[in-house]
Amino acid sequence: MIASHLTELLLLIELLLFGVQLNVGALTSNYYDASCPFAEFIVRNTVNQALRSDSTLAGGLLRLHFHDCFVQLFVSTCPACFDSELRGCDGSVLIDSTKDNTAEKDSPANLSLRGYEVIDQAKQMLENQCPGVVSCADIVALAARDAVFMSGGPYYNVAKGRKDGRRSRIEDTIDLPPPTLNITGLIKMFAQQGFTIQYLVALSGAHTLGAARCASFKKRLSNFDPNNDVDPTLDSNYARMLSRSCSAGDDTQVGFDFTPTRFDVNYFYALQGRMGLLTSDQTLYTDPQTQSIVNGYAMNQASFFSDFQQAMIKMGALVAKEGDQGEVRRNCRKIN
């Protein structure tokens, strides 16, 4: 505790001496340098301990960040649908349902999300160190970055200063990209938020980590359409393997690729082999617009890592609450 206060004092002196002023009205990489200098270390250490106990949590933490940000990215294209409040990466996916409100986390699209307890643990430690300072939204963004890096992926700077939102409703998840979406729908959704096709494929590469429930892809395995029992874009041997796995029930989880705890390019190899788990995965290889990008990433991991870094930075800054637009929750599961 003494060391913490001493470090904070030294940082404040340095800021005064060199005239450096933090722009609290915008996301910045040094947002917590003075107010909570060990914030990133605390989150990183918490994630590290969690992954040592369960390496499959890496995919869960990354998905938490996507689903937190993506709710508003696509709801915002219809501002009159629900309310006019700007959303984005605001920690709304963490809020628990109440008797008067069903929250985002209880939407069918979010039932397989994991890692809430890791965020809770990091938040508690941060509240003990610097109460009321670090937002839950920033913790989610940092935890996703650290999960990627600790799984063998690229490291990137996370701009901080997001505020937590005060709204979380199941109806807000209606426009999360469904697992059945084809390439036309994917390109349209991402383009509406300024993402290029290149970034669409790079962000889809996040599926190199984690797994999906059989409920998300079982339609591909039988009675697919009037002409095909099994999705013809799916490798037949892989389809049989999936059918055996899913015989245990809809909640059975299957890895997106064969190294679901490693951030690598095996996801793109899977697409080349017609072993994309979801329709929204395999569609990236069936369309010429994206097939060449998939092939490029499969051959060049450095290119994929570089584009993924930039796409994550862009996604994490879209429609983010800043300044007095939100709050810093004391408990990530409920508004103050």
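For the protein, the name recorded in an unreviewed UniProt entry is Peroxidase, with Musa troglodytarum as its organism. UniProt lists a comment for the protein under the heading Sequence similarities (unreviewed entry), and it reads "Belongs to the peroxidase family. Classical plant (class III) peroxidase subfamily." Listed under Subcellular location (unreviewed entry) in UniProt, the entry text for the protein is "Secreted".

What follows deals with the pattern of salt bridges. Using the criterion set out here, one finds 17 salt bridges in the structure. One salt bridge in this structure joins Lys105 and Asp96, with 2.6 Å as the shortest N-O distance. Note on Asp96: relative accessible area 29%, which makes it partly exposed. With a shortest N-O distance of 2.8 Å, Arg220 and Asp231 are connected by a salt bridge.

A word on the UniProt feature "binding site: substrate" (unreviewed entry) in the protein. Here the UniProt-annotated "binding site: substrate" (unreviewed entry) positions come out as Pro177. With respect to the helices, strands and loops of the structure, Pro177 is situated in the loop between helix 5 (136–150) and helix 6 (183–191). A relative accessible area of 28% means that Pro177 is categorised as partly exposed.

With six of eight residues buried, helix 10 (residues 279–286) lies mostly within the body of the structure. Of all the residues in helix 10, the buried ones are Ser280, Asp281, Gln282, Thr283, Leu284 and Tyr285. Elements that come into contact with the buried residues of helix 10 comprise helix 6, helix 7 (197–204), helix 9 (266–272) and helix 11 (288–299).

This part takes up the layout of surface pockets. In this structure, the largest pocket occupies an estimated 760 Å³ of space. Lining the largest pocket are 33 residues, and of these Arg63, His67, Pro177, His207 and Leu278 sit closest to its centre. Elements with a minimum of two residues in the lining of the largest pocket: helix 3 (57–75), helix 6, helix 7, strand 1 (211–213) and helix 10. Of all the elements, helix 3 adds the most residues to the lining of the largest pocket, at six residues. A breakdown of the residues in the lining of the largest pocket according to their chemical character gives 21 nonpolar, nine polar and three charged. Along the wall of the second largest pocket there are 13 residues; nearest its centre are Thr56, Arg114, Gly210, Ala211 and Gln253. Elements supplying a minimum of two residues to the lining of the second largest pocket: helix 3 and strand 1.

One can find Arg162 in the loop between helix 5 and helix 6. Judged by its relative accessible area of 3%, Arg162 is buried. One polar contact links Arg162 to Asp138, side chain to side chain, over a distance of 2.7 Å. A polar contact of 3.0 Å, which involves the side chain of Arg162, links it to the backbone oxygen of Gly316.

Calculation criteria
- Residues numbered from 1 in each chain as written.
- Predicted model: local features only at pLDDT ≥ 70, side-chain atom pairs only at ≥ 80, totals over all residues.
- Heavy atoms only, no water.
- UniProt positions renumbered as here; feature names shortened; annotations may be inferred.
- Salt bridge = Lys/Arg side-chain N within 4 Å of Asp/Glu carboxyl O.
- Buried < 20%, exposed > 50% of the residue type's maximum accessible area, 1.4 Å probe, protein only.
- Helix = DSSP H or I, 4+ residues; strand = E, 2+ residues; numbered from the N terminus.
- Contact = heavy atoms within 4.5 Å.
- 1 Å grid on protein atoms, 1.4 Å probe; cavity = no way out; pocket = protein on both sides within 12 Å on 5 of 7 lines; lining within 4 Å.
- Points joined across faces, edges and corners; volume = space filled by probe spheres on them.
- Nonpolar A, V, L, I, M, F, W, Y, C, P; charged D, E, K, R; others polar.
- Polar contact = N/O pair within 3.5 Å; in protein donor to acceptor, adjacent residues only side chain to side chain.

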